[in-house]
Amino acid sequence: MDSIPATATVRIARPTSDLAALERFWVDGVGLEVLWRTDGVPDHGHELLMVGPAGAGWHLELVADAQAAQESHPGPEDLLVLYLGEPAGQEWVARIRAHGGTVVPAHNPYWDTWGVTIQDPDGYLLVLSHRTWG
């Protein structure tokens, strides 16, 4: 193989110091599904939670690692952008806020024009864009 196939699965992994808060945000708020989780702390020493849309070619791996989370510093352009093709409903955004999200102005005003930017409990940014991709 000499290139990445379009069907490759994408895993976005990042550390957190509060796995429970992120599960509330991503599962109860955003509405992703728990795809897999460790049962306690495995031999490699970190509890894991994988969330995403069922059947999608991508998911988030959230790693309970307080030291790594402390060393991570999300910046204003560290964005996970979801192209929805229509505006995010007010009730959905309210549910996300009720589960730990904070609506924030985007660093790049482009995203304020084309969606809503939400900060998760760890400070990472999710953009729910009403544009489409492709």
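Residues numbered from 1 in each chain as written. Predicted model: local features only at pLDDT ≥ 70, side-chain atom pairs only at ≥ 80, totals over all residues. Heavy atoms only, no water.

### A closer look at the overall build of the chain
Looking only at helices and strands, one finds four helices and eight strands in the chain. Taken from the N to the C terminus, the helices and strands of the chain come in the order β-α-β-β-β-α-β-α-β-α-β-β. The C-alpha radius of gyration computed for the chain amounts to 15 Å, which stays within 12% of the reference 14 Å derived for 134 residues, consistent with globular compactness. Each principal axis of the C-alpha atoms in the chain carries an extent, and together these give about 45 × 40 × 25 Å. Counting contacts in the chain only where the partners sit at least 6 residues apart, residues at least 24 apart contribute 55% of the total. Element-wise, carbon and sulfur atoms account for 51% of the exposed surface of the chain, whose accessible area totals about 8,100 Å². (Helix = DSSP H or I, 4+ residues; strand = E, 2+ residues; numbered from the N terminus. Rg over C-alpha atoms; globule rule 2.2 N^0.38 Å. Contact = heavy atoms within 4.5 Å. Areas by Shrake-Rupley, 256 points an atom, 1.4 Å probe, with all protein chains shown as cover.)

### Section: the packing of aromatic side chains
For the structure on display, the rule yields five aromatic pairs. A connected cluster of aromatic rings, assembled from ring pairs, spans Tyr83, Tyr110, Trp111, Trp114 and Trp133. A cation over a ring is seen here: Arg131 above Trp114, with NZ or CZ 4.3 Å from the ring centre. (Phe/Tyr/Trp six-rings, centres within 6.5 Å; stacked < 30°, edge-to-face > 60°. Lys NZ or Arg CZ within 6 Å of the ring centre and 35° of its normal.)

### Observations concerning the pattern of salt bridges
Scanning all chains against the criterion turns up four salt bridges. With its nearest N and O atoms 2.7 Å apart, the salt bridge here joins Arg11 to Glu61. Of this pair, Arg11 sits in strand S1 (residues 10-16) while Glu61 sits in strand S4 (residues 58-64), and the two are 50 residues apart along the sequence. When its relative accessible area of 48% is taken as the criterion, Arg11 is described as partly exposed. You can call Glu61 buried: its relative accessible area is 10%. With a shortest N-O distance of 3.1 Å, Asp122 and Arg14 are connected by a salt bridge. Of this pair, Asp122 sits in the loop between strand S7 (115-119) and strand S8 (125-129) while Arg14 sits in strand S1; the two residues are 108 residues apart in sequence, bridging distant segments of the chain. The class for Asp122 is partly exposed, based on a relative accessible area of 23%. Each of Arg14, Asp120 and Asp122 takes part in a single network of salt bridges with overlapping partners. (Salt bridge = Lys/Arg side-chain N within 4 Å of Asp/Glu carboxyl O. Buried < 20%, exposed > 50% of the residue type's maximum accessible area, 1.4 Å probe, protein only.)

### Things to note about the sheet that holds S1
Strand pairing in a sheet is mediated by backbone hydrogen bonds. Such pairs are either parallel or antiparallel. If you trace the four strands from one edge of the open sheet to the other, you get S1-S4-S3-S2, paired in mixed fashion. The open sheet has two edge strands with one neighbour each: S1 and strand S2 (33-37). Across the sheet, the axes of successive neighbouring strands diverge by a mean angle of 25°, strand direction being ignored. As paired elements, S2 and strand S3 (residues 48-52) share four bridges and run antiparallel to each other. Looking at S3, one finds that Val34 is bridged to Val51. (Pairing = 2+ DSSP bridges. Axes fitted to C-alpha atoms, helices over the stretch in contact; angles between N-to-C directions.)

These figures come from the coordinates and say nothing about function on their own.
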